[in-house]
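# Coordinate inspection notes
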Amino acid sequence: MLSTESTSSGPLSASASAAASAALLSGRLGDAAEAEEESGQRPVLSPEAARLPRILLLVVCLGYLAGAAYGWGGQTLADVMGDFGLSGAALTASASCLAYAVRARGRHRSAWACFGVSSFMVATGNGIWGWYECVVHQDLPSPSLADYVFLFYAPPAILGLLLLANRPRNAAGWLCLALDGWLIAGSLLTLSWSLALARTAQGDAHSPLRLTVQLAYPLLDILLISMVLGLRYRSRDGNRAAVHTAIVALALTVLCDALFTSETFRAGYHSGELLDAGWFSGSMLLAWAPWAGTSPLRGGGGGAGRHHVASTFSALTPYAAAAVCTVGMLYDALSAHRLDKVVLITSCTVVLALILRQGVMLLDNLSLAQRLSHQENHFRTLVQGSSDVIMIADRGGTLRYVSPAAAGVYGRPAEDLVGRRLRELVHPDDVHQVLGEVQRYLDQGPDGETTARIECRVRSGAGEWLDVESTVNHHPHGLIFNSRDVSERVRLQAQLHHNAFHDALTDLPNRALFLERGRAALARPGAAVAVLFLDLDGFKAVNDTAGHQVGDELLVQAARRLRDAVRSGDTVARLGGDEFAVLLVGEHPGELDQARAVDVAERLRGLLSVPYRVGGEEHTVAASVGIALPDPGTAPAAAELLRNADLAMYQAKRRGKDRVALFTPTLRQEQRRRTELDRQLAEAVREGRLELVHEPIVDLAGGRVVAVEALPRWRTARGGALAAAEPAELLQAAAGDRSLRFARWLVEQAVRQAVGRGRRLGAAGRIPVVVRLPARSVVAPGLTEAVAGALHRAGLPPERLVLQITDGGSEEGRAHRFDELVRRAEQLRNLGIGLALDGLAGGSAPLAGLRQLPVTRLCLERGLVDDLPESAFQRTLAGSVLTLGRQLGLAVHADGVDTPGQAALLLQLGCAEGQGRLYGGPRGERELTDLLLGPAFEPRTGARVPTPSGAPSGSG
């Protein structure tokens, strides 16, 4: 940039006093910048990408400085570099700022566009100047086109600074901003006028246009430097470097302008010298400025220090301006015979502005003090009225403030806690944890977690330990603890945790805790483990007859007996209902073996069988116990051991209850067989592969078929027929509801086919059909209704259906509620159907059932008939049963009649009917039809009597 009074390129005119003041106050440039820049709107460069432009900028500036220092090797190149070099640098700055304004987003893009326009004016002015000096070799006219172009450098730059600056929030702020601007501008004008501008005005008084142009340069520079010094700029870490770089670039340009104004520099100035290096560096800095903040942020520390420095300089700026004004006025008064009017008027306005500013600031400070006092009282009320205890501890851990809530929470006055060390209040076992959490929070610094949460125990005034939860925050002089008593919550959590792993009635561990302790015991090297599964026999009868309250009390007493009977290292758990489990743990295999586990199980069984006294009455139950031990060399899961013990417990029940059974692998195999049978049964029913076969029941004396027994059989998926299975076996295999569904299906099919035979065969087909059902199927809810519905839908007379109850009076039958069995049997008998009792004179010998069950028939089981010819005892026993049946008026038939000798003996003993292989065994519907229409069996031999018609004989 050139002055019209120079014969070579030069800067925009400004006063040396403005330059000196700018240098004096430039320490606050940009440090006052604070406010926000929209996040995510500035392009971010990697550290490597951001480092290269800085290096290039430094190299270019140092190269220009070196060239200027050595005169560029000649005046011609110096003139080119002093004119077109400055023009190129300014054009680079213009292109960079405009490119960033187009690319970037946010509220600052307009400011960079203004800086781009300002730099373009400088580039244009220097280009025009170089045209005259280097191309046409003519002196530049005064004033020239370049002068007018240079005048448009400052306004866009001033506008850009205004766009970057913080906007005051109220009228007082706007007034203070205007007064600060005038204080700075007036003081710089006073000093500049005293040093140089007055002489310039006097020298150009004969040319008003020239005078206007000459004075416009320094006045615009003064206004620009006033913007730099007086305004505060919004910036965050993301764009602080960009704003700072731009301000430094503008200040460097104004400083060079001010130096050029002095007579000392101007007299010996020529293009391309060191002063041009200042303008060149200012333009290059402005070119880099918009991209200076695009590198990744590094560390946020020091923000408070920068804010403190910026606030200090902001407060001192008006007074520094007044001091500069005073220096200018003294210089003018001492160097002139009379005081200049411009200096006098300007100084007076500066003083008035300072006084007015102080008055405004005083009123604003009074308002702020009142607001601060109100807010302080408000927050003090909140703190003192809060139910939480608020404490401030210094960096040494000493409490410096404790809110009054400490009296209510800790039971100790706040005054007693102030001055004490924090660790003195914390439980000794929690001190290490608290110190560790505090240290971790402090190590994160301000950029880490905003808060930390600490739970510990604190001693109350009564000496007890309270569970306290504290939220920790940073404080300028230490830490703030916001603490509350959470003892009740901790107790509730502990209770919830206890309830989640303990039985609510007996307070014993539940299944989850039992399995957890089992896993822990199995994981211990060398430990011996045994699991006992206990089920109370007869508990349901107590529950049903005496009531659930008595049953609950009985369970509590049983749990107490079990808990008192085992060691402290063992675990007793209630699994649900009347089922308990015991985990026995030994430190080594010799301490706990199979014999020891059986001994403990027998002792527990005996304890549980002792009568219980509840509500003044005695109640007796027994216990079936299953034992499972891990196989040597294996590592079973705790759940698997518990399942094995459960299987052993059911084995104990099947053997007669009130006994102990050990788990063996055959029990698992049996369970798998039953499970597979159940799956196959369900699949056969679903796919329609289940069918009925019928076994004839024959009159032993006459050989006529008097009844048939319906037996289930299914076909394989390939169409092959499986041998007929016992219905009791299939029904035992069927699980849960499937057992009842299968029983319903069996009755429905037997009734439907009986009706069909009667219609097809007439009198020969109207014979009773026998269906075997286990006791548990008879007592199942809904079976009576299912039988009645089947009879009604099919139209079968009730007397032609006989339900044969298996295990009705055995231990298994009693396990399925004998009283309920009697009630359901009476309901079935009321329908008009016949009832048969199976298993007489066998191992289970349900003779006791004859007294209560309303049966119409008896059945001698196969086990008795097999040994009948060889055993006199069996013959005597069979004769007794047959005599009993005749005396009670019951029909008796024998199962398992396989030989003529058995048939002859049964007939001699008085048995009228029988079934077995002697008469062909189970048959399909077609074979059964041929049998019923064909000749009768030969008495006692089972052979068919030939007929002239050649009717097919049965399969003997």
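Reading the values: the criteria
- Residues numbered from 1 in each chain as written.
- Predicted model: local features only at pLDDT ≥ 70, side-chain atom pairs only at ≥ 80, totals over all residues.
- Heavy atoms only, no water.
- Pairing = 2+ DSSP bridges.
- Helix = DSSP H or I, 4+ residues; strand = E, 2+ residues; numbered from the N terminus.
- Axes fitted to C-alpha atoms, helices over the stretch in contact; angles between N-to-C directions.
- Salt bridge = Lys/Arg side-chain N within 4 Å of Asp/Glu carboxyl O.
- Buried < 20%, exposed > 50% of the residue type's maximum accessible area, 1.4 Å probe, protein only.
- Parallel < 35°, antiparallel > 145°, perpendicular 65-115°, else oblique.
- Left-handed = near helix turned anticlockwise from the far one by under 90°.
- Nonpolar A, V, L, I, M, F, W, Y, C, P; charged D, E, K, R; others polar.
- Polar contact = N/O pair within 3.5 Å; in protein donor to acceptor, adjacent residues only side chain to side chain.
- Contact = heavy atoms within 4.5 Å.
- Phe/Tyr/Trp six-rings, centres within 6.5 Å; stacked < 30°, edge-to-face > 60°.
- Lys NZ or Arg CZ within 6 Å of the ring centre and 35° of its normal.

The name given to the protein chain in an unreviewed UniProt entry is Bifunctional diguanylate cyclase/phosphodiesterase, and the organism recorded there is Streptacidiphilus monticola.

Time to look at the sheet that holds strand 6 (residues 528-537). Reading across the sheet, the 5 strands line up as 7-8-6-11-12 and stay open at both edges, with mixed pairing between neighbours. At either margin of the open sheet sits one strand with a lone partner, and together these are strand 7 (571-576) and strand 12 (660-662). Recorded for the sheet is a direction-independent mean angle of 20° between the axes of neighbouring strands. As defined by bridge partners, strand 6 adjoins strand 11 (residues 622-628) across 7 bridges and the pair is classed as antiparallel. Across the sheet, residue valine 531 finds its bridge partner in strand 11, namely alanine 628.

Moving on: unusual backbone geometry. One non-glycine residue with positive phi stands out, namely aspartate 507, at about 60°. Here aspartate 507 shows up in the loop between helix 17 (487-500) and helix 18 (511-523). If you check the backbone angles, aspartate 658 has positive phi at about 50° while not being a glycine. Here aspartate 658 lies in the loop between helix 22 (638-654) and strand 12.

Turning our eyes to something else, we now look at the pattern of salt bridges. A side chain with one charge can pair with a side chain of the opposite charge if their charged atoms come near. Enumeration according to the criterion identifies 30 salt bridges in this entry. Arginine 484 serves as the salt-bridge partner of glutamate 469, at 3.2 Å between the closest nitrogen and oxygen. With a gap of 15 residues between them, glutamate 469 in strand 4 (residues 465-475) and arginine 484 in strand 5 (residues 478-485) connect regions that are remote in the sequence. Residue classification places arginine 484 among the partly exposed residues on the basis of a relative accessible area of 25%. In this structure, the salt-bridge partner of glutamate 925 is arginine 757, at a minimum N-O distance of 3.5 Å. Here glutamate 925 is found in helix 33 (residues 925-933), whereas its partner arginine 757 is found in helix 25 (residues 737-761), with 168 residues between them in sequence. The exposure class of glutamate 925 is partly exposed, given its relative accessible area of 24%. When salt bridges that share partners are traced, they join Asp388, Glu455, Glu469, Arg484 and Arg489 into one network.

Right, let's talk about the packing of helix 3 (residues 75-103) against helix 4 (residues 109-135) for a bit. Close contact between helix 3 and helix 4 brings their axes to 7 Å; oriented N to C, the two are set at 160°. As judged from the angle between their axes, helix 3 and helix 4 are roughly antiparallel. For the pair helix 3 and helix 4, the sense of crossing is left-handed. Here the contact of helix 3 with helix 4 is composed, by residue class, of 21 nonpolar, 7 polar and 4 charged.

With that settled, consider the environment of glycine 125. Tracing the backbone through its elements, the reader meets glycine 125 in helix 4. A sequence separation of 27 residues divides glycine 125 from phenylalanine 152, and the C-alpha atoms of the two residues are 9.7 Å apart.

Along the polypeptide, alanine 154 turns up in helix 6 (residues 154-164). Since its relative accessible area comes to 1%, alanine 154 is described here as buried. Residues alanine 154 and valine 254, 100 residues apart in the sequence, show an inter-C-alpha distance of 9.8 Å.

Bridge count for strand 1 (residues 389-394) against strand 5 is 6 bridges, and the pairing is antiparallel. Counted as the bridge partner of valine 389 is serine 483 from strand 5. Judged from the 3 bridges that link them, strand 1 and strand 2 (residues 399-402) form a sheet pairing that is antiparallel. Within strand 2, the position partnered with methionine 391 by the bridge is valine 402.

Moving on, we get to the side chain of aspartate 503. Topologically, aspartate 503 is positioned in the loop between helix 17 and helix 18. Of note is the side chain of aspartate 503, whose polar atom sits 2.7 Å from the side chain of threonine 506. Filtering out sequence-adjacent residues up to four positions away, aspartate 503 remains in contact with Leu508, Pro509, Asn510 and Arg574.

Overall, antiparallel pairing links the 5 strands, which are arranged 2-1-5-4-3 in an open sheet. Each edge of the open sheet is held by one strand with a lone partner, namely strand 2 and strand 3 (452-459). For this sheet the average axis-to-axis angle between neighbouring strands, irrespective of direction, equals 30°. This element, helix 16 (residues 428-444), spans strand 3, strand 4 and strand 5 of the sheet and lies at about 155° to strand 3. Where helix 17 meets the sheet, it contacts strand 3, strand 4 and strand 5, and its direction lies at approximately 120° from that of strand 4.

Turning to the environment of phenylalanine 663, a few remarks are in order. Residue position: phenylalanine 663 is located in the loop between strand 12 and helix 23 (665-687). Along the backbone, phenylalanine 663 and glutamine 651 are 12 residues apart, and their C-alpha atoms lie at a distance of 8.5 Å. Setting aside chain neighbours within four positions, we find phenylalanine 663 in contact with Ile627, Ala628, Asn644, Leu647, Ala648 and Arg668.

Per the stated rule, a full pass over the model turns up 6 aromatic pairs. Considering the side-chain rings of tyrosine 64 and phenylalanine 280, the 4.2 Å spacing of their centres and the 5° angle between planes classify their relative orientation as stacked. Placement of tyrosine 64 in helix 2 (residues 47-69) and of phenylalanine 280 in helix 11 (residues 274-288) is noted, with a sequence separation of 216 residues between them. The class for tyrosine 64 is buried, based on a relative accessible area of 2%. Taking 6.0 Å as the distance between ring centres and 10° as the angle between the ring planes, the aromatic pair formed by phenylalanine 742 and tryptophan 745 counts as stacked. Of the two residues, phenylalanine 742 and tryptophan 745 are both situated in helix 25; the distance of 3 residues between them amounts to about one turn of the helix. An identical accessibility class is assigned to phenylalanine 742 and tryptophan 745; each is buried. Each member of the aromatic cluster is reached from another via a ring pair, and the members are Tyr100, Trp112, Phe115 and Trp291. A cation sits over an aromatic face here: arginine 561 above tyrosine 612, 3.7 Å from the ring centre.

Our focus in this paragraph is the packing of helix 19 (residues 539-546) against helix 20 (residues 548-565). Viewed as axis vectors pointing N to C, helix 19 and helix 20 meet at an angle of 140°, and their least axial separation amounts to 6 Å. On the basis of their axis angle, the class for helix 19 and helix 20 is oblique. Two secondary-structure elements touch here, helix 19 through Phe539, Val542, Asn543 and Ala546 and helix 20 through His548, Val550, Gly551, Leu554 and Leu555. Of the residues belonging to the contact of helix 19 with helix 20, the class tally is 6 nonpolar, 3 polar and no charged.

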